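Chain by chain, the residues run as shown.
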Amino acid sequence: MSQVLYEGKSKLVCQGPREGSLLIRYKDTATAFNGEKKAELSGKGVLNAALSNRIFQYLMDHGVETHLIQVVDDVSVVVRRAEIIPVEVVVRNLAAGGFSQKYGVPEGTLLRNTVMEFSYKSDALGDPMINRSQITAIGLASREELQEMERQALNINELLCRLFERMDIRLVDFKLEFGRVDGHVILCDEISPDSCRLWDMATEEKLDKDRFRRDLGDVLAGYREVLRRLDDVLQTPESE
Ligand code: TMP
Ligand code: ASP
């Protein structure tokens, strides 16, 4: 295996095969609450790689620029080497999780407008929430980059809501990370049940990492169900 440059909680980042690239390997590790809760879930890496790769390809097919270059094997991808902007962008369509806790809004409440939140990506600080003026004040991103991240996040939300609706899944909320390449902003990291809340539209069953966070039972059964429905939908033309 190529040289490991960085080990994250759920992925290994290695030297890529060519200049300006990285090799990313998905691990089986699941973590929550800033790493306080941790488990090895055999097969999670394969599932998240499959899900994230399909979702990134779908977004690229719809004009979104991402870091994905090539799928290498069932847990590895080659990506563009971007400078990660240390700001996590959370988009919410329904109240859940941290939003419900913080503002006392019951989980599942439909929000009257799309909510966008930012956190400072820092394990040492526990990813604190941060606002736009704080982001630009400490230089995490420029005003233009921030605007571009917001524009892309809203576009991605529309595309993903439409995709998941076809799978009878409600996209409750999700987290995105962006990076800089050649002076512009592109989508990086992953989009998977680790980074989204996905509820079955009929039963409201949670198919995402809340199964792990809240001990709701077989975690990967939810991920497998999302992949099964995604594969079904991707085989059907969009207008159907
Ligand atoms: P939250 O309700 O805990 O703030 O989470 C909002 C969304 O962001 C949810 O879909 C899970 C995702 N998320 C991550 O991907 N990484 C994180 O570290 C956290 C806290 C949330
Ligand atoms: N990703 C974070 C962690 O690993 C938290 C979470 O997703 O709940 O700790």
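Residues numbered from 1 in each chain as written. Chains lettered and ligands numbered in written order. Predicted model: local features only at pLDDT ≥ 70, side-chain atom pairs only at ≥ 80, totals over all residues. Heavy atoms only, no water.

Novice: An account of the pattern of salt bridges is requested, with residue identities and associated values reported.
Specialist: Oppositely charged side chains are able to pair whenever their charged atoms sit close together. Overall, the coordinates contain 29 salt bridges when judged by the stated rule. Residue K44 pairs with D194 through a salt bridge whose shortest N-O separation is 2.8 Å. With K44 in helix α1 (residues 44–61) and D194 in the loop between β12 (184–188) and β13 (196–200), the pair connects residues that are 150 residues apart, well separated along the chain. Across this residue pair, the class does not change: K44 and D194 are buried. (Salt bridge = Lys/Arg side-chain N within 4 Å of Asp/Glu carboxyl O. Helix = DSSP H or I, 4+ residues; strand = E, 2+ residues; numbered from the N terminus. Buried < 20%, exposed > 50% of the residue type's maximum accessible area, 1.4 Å probe, protein only.)

Novice: Outline the sheet that holds strand β2 (residues 11–15), listing residues and values.
Specialist: The strands that make up a sheet are held in pairs by hydrogen bonds between backbone atoms, and each pair lies either parallel or antiparallel. Taking strand neighbours across the sheet as the criterion, the 5 strands line up as β1-β2-β3-β7-β6 in an open arrangement whose pairing is antiparallel. In this open sheet, the two edge strands, each paired with only one partner strand, are β1 (4–7) and β6 (68–73). Sheet twist, expressed as the average angle between the axes of neighbouring strands with direction ignored, equals 25°. Looking at chain direction, β1 and β2 are connected through 3 bridges and run antiparallel. Its bridge partner being in β2, E7 is matched across the sheet by L12. (Pairing = 2+ DSSP bridges. Axes fitted to C-alpha atoms, helices over the stretch in contact; angles between N-to-C directions.)

Novice: Go over unusual backbone geometry, please, and point to the residues and values.
Specialist: When glycine is set aside, most residues are seen to have a negative phi, and most peptide bonds are trans. Positive phi is not limited to glycine here, since D127 has a value of about 45°. In this structure D127 comes out as partly exposed when scored by relative accessible area, which is 23%. For D189, which is not glycine, the phi torsion reads 60° and is therefore positive. With respect to the helices and strands, D189 occurs in the loop between β12 and β13. Note on D189: relative accessible area 15%, which makes it buried.

Novice: Lay out the site of ligand 1 with the relevant residues and their values.
Specialist: Near ligand 1 you find 13 residues, and of these R92, G98, D173, K175 and R197 are the closest. At a separation of 2.5 Å, an oxygen atom of ligand 1 approaches a polar side-chain atom of D173. Bound to the protein, ligand 1 loses 73% of the 450 Å² it would expose on its own. Broken down by secondary-structure element, the contributors of at least two residues to the shell around ligand 1 are β9 (87–94), α2 (97–103), β11 (169–181) and β13. The element contributing the most residues to the shell around ligand 1 is β11, with 3 residues. Here the shell around ligand 1 is composed, by residue class, of 4 nonpolar, 3 polar and 6 charged. (Near = heavy atom within 4 Å. Polar contact = N/O pair within 3.5 Å; in protein donor to acceptor, adjacent residues only side chain to side chain. Areas by Shrake-Rupley, 256 points an atom, 1.4 Å probe, with all protein chains shown as cover. Nonpolar A, V, L, I, M, F, W, Y, C, P; charged D, E, K, R; others polar.)

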